[in-house]
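Observations on the three-dimensional arrangement
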Amino acid sequence: MTEDEYVELAHRINRADMMIGILPLSAADAVVAGLGAAGRSGSARAWRELGLCYLGTDGDRLPAAPWSPELPFADPAEHPRGRALRCFAEAAALGDRDGALLFAQCSREASAPARESARVLLRPHARLDPAAAYQYGLLEQWLGRPGAAVEHHLWAAQRDDADAAFELYVLFSTGTGVERDDAEAGRWLHRAAELGQPRALYNLGAAHATGNGAPKDTRLAVGYYERAALAGNARAAATLGVMYLMGGDVDPDEGRAAEWLDRADDLGHPVDSWLAQLGLERP
């Protein structure tokens with residue numbers, strides 16, 4: 001089999017094809033052997049895909065891979081997350097930016113030594129790539145150093161990273177790692193929204209809907225909620241559904257309510273239980 005075929009096999013395992021019996025259990029051994037061999041031959045992509053497979057639906061069924069013993073990591077290889085970290089470290093050691101990012105993201109739920117290792121792996125990319133700089137800033141926060149995170153978020157946000165801009169809003173609005181500054185927080189919230197950050201769009205929608213932090217303006221609120229929902233924010237979609245279902249500030253429209261509630265469902269919002277709490281029925 002080719003590397004592409006092993007990658008597709010990994011994707012099928014992640015889609016639960018092995019769990020439901022479409023693939024035999026031997027697929028676990030095959031994908032580790034195939035992608036492990038490709039990784040040892042210098043394919044960062046193979047290591048990344050294998051790491052994602054360890055984090056997937058049947059990751060605990062996959063055997064150990066042929067990792068290099070000298071790579072920096074800390075968590076036990078007996079568990080899928082520790083195995084995924086090793087795969088991402090292998091990719092990062094090949095100079096792969098995406099492997100370093102995946103290691104850093106995965107380290108959030110890992111040990112502090114793993115997060116320190118993530119800083120080492122991500123550092124070469126953090127002054128070249130805004131997404132890497134933003135993730136490096138998050139690592140500093142996870143390690144309890146929010147003040148050290150600010151310069152990385154600033155560097156990334158000044159290069160139009162929406163998530164870094166939103167993180168600066170959070171830091172300045174809470175006074176975490178910096179002196180609290182509501183005006184600066186507002187500036188970064190609006191910048192994040194301009195860049196399409198879903199949570200920033202939702203927050204501005206809520207501010208205009210309630211008049212808390214911005215002038216009450218239903219038209220602007222609906223516009224921000226719509227942009228947030230279309231960018232993947234489930235709560236914004238659910239909020240629009242309820243607004244159109246209840247009416248009041250907007251004309252009631254059960255058809256539009258149903259569309260937004262369906263989108264919220266697709267995005268993972270617990271629509272039915274939320275409506276029940278509000279005493280509403282789904283249209």
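In what follows, the structure referred to is the one given above.
Small disclaimer: the values here were computed from a predicted structure and weren't measured.

When helices and strands are tallied, the protein chain shows 15 helices and 0 strands. The principal-axis extent of the C-alpha atoms belonging to the protein chain is close to 60 × 50 × 30 Å. When the 283 residues of the protein chain are sorted by exposure, 51% land in the buried category. Pairs at least 24 residues apart make up 48% of the contacts formed inside the protein chain by residues separated by at least 6 positions. Taken as a whole, the protein chain presents about 13,300 Å² of accessible surface, with 49% of it coming from carbon and sulfur. Mean positive and mean negative side-chain charge positions of the protein chain (28 and 41 charges, respectively) differ by 4 Å.

So, about the environment of Leu25. One can find Leu25 in the loop between α1 (3–14) and α2 (26–40). Accessibility expressed as a relative area gives 53% for Leu25, which makes it exposed. A sequence separation of 188 residues divides Leu25 from Gly213, and the C-alpha atoms of the two residues are 55 Å apart. Sequence-distant contacts of Leu25, that is, excluding residues within four places in its chain, are made with Met18 and Arg61.

This part covers the packing of aromatic side chains. Each aromatic ring pair is described using two quantities: the centre-to-centre distance and the angle formed by the ring planes. What the rule picks out here adds up to 3 aromatic pairs. Ring geometry for Tyr54 versus Trp67: centroids 6.2 Å apart, planes at 45°, classification tilted. Taken together, the positions of Tyr54 in helix α3 (residues 44–54) and Trp67 in the loop between α3 and α4 (80–93) put the pair 13 residues apart, joining distant regions of the chain. Note on accessibility: Tyr54 and Trp67 belong to one class, buried. Ring geometry for Phe166 against Tyr169: centres 5.3 Å apart, planes inclined by 50°, an arrangement best described as tilted. Taken together, the positions of Phe166 and Tyr169, both in helix α9 (residues 162–174) and 3 residues apart, correspond to about one turn of that helix. For Phe166, a relative accessible area of 4% corresponds to the buried category. Residue placement shows Arg187 over the ring face of Trp188; its charged tip is 4.6 Å from the ring centre.

Ranked by internal contacts, the top residues of the largest apolar core, which has 47 residues, are Trp188, Tyr225, Leu240 and Tyr244. For this core, the element with the highest residue contribution is helix α13 (residues 234–246), accounting for 8 residues. In this structure, Tyr225 is in contact with Tyr202, Gly205, Ala206, Ala209, Ala236, Thr239, Leu240 and Met243, ignoring residues within four places of it in sequence. In this structure, Cys106, Ala126, Ala132 and Tyr136 belong to the second largest nonpolar core, which totals 46 residues.

When we look at burial in helix α6 (residues 112–122), the residues that qualify are Ala114, Arg115, Ser117, Ala118, Arg119, Leu121 and Leu122. Check the buried side of α6 and you find it contacts α4, α5 (97–106) and α7 (130–142).

Conventions and cut-offs
- Residues numbered from 1 in each chain as written.
- Predicted model: local features only at pLDDT ≥ 70, side-chain atom pairs only at ≥ 80, totals over all residues.
- Heavy atoms only, no water.
- Helix = DSSP H or I, 4+ residues; strand = E, 2+ residues; numbered from the N terminus.
- Buried < 20%, exposed > 50% of the residue type's maximum accessible area, 1.4 Å probe, protein only.
- Contact = heavy atoms within 4.5 Å.
- Areas by Shrake-Rupley, 256 points an atom, 1.4 Å probe, with all protein chains shown as cover.
- Lys, Arg positive; Asp, Glu negative; His and termini not counted.
- Charge placed at Lys NZ, Arg CZ, Asp CG, Glu CD.
- Phe/Tyr/Trp six-rings, centres within 6.5 Å; stacked < 30°, edge-to-face > 60°.
- Lys NZ or Arg CZ within 6 Å of the ring centre and 35° of its normal.
- Core = buried A, V, L, I, M, F, W, Y, C linked by side-chain atoms within 4.5 Å.

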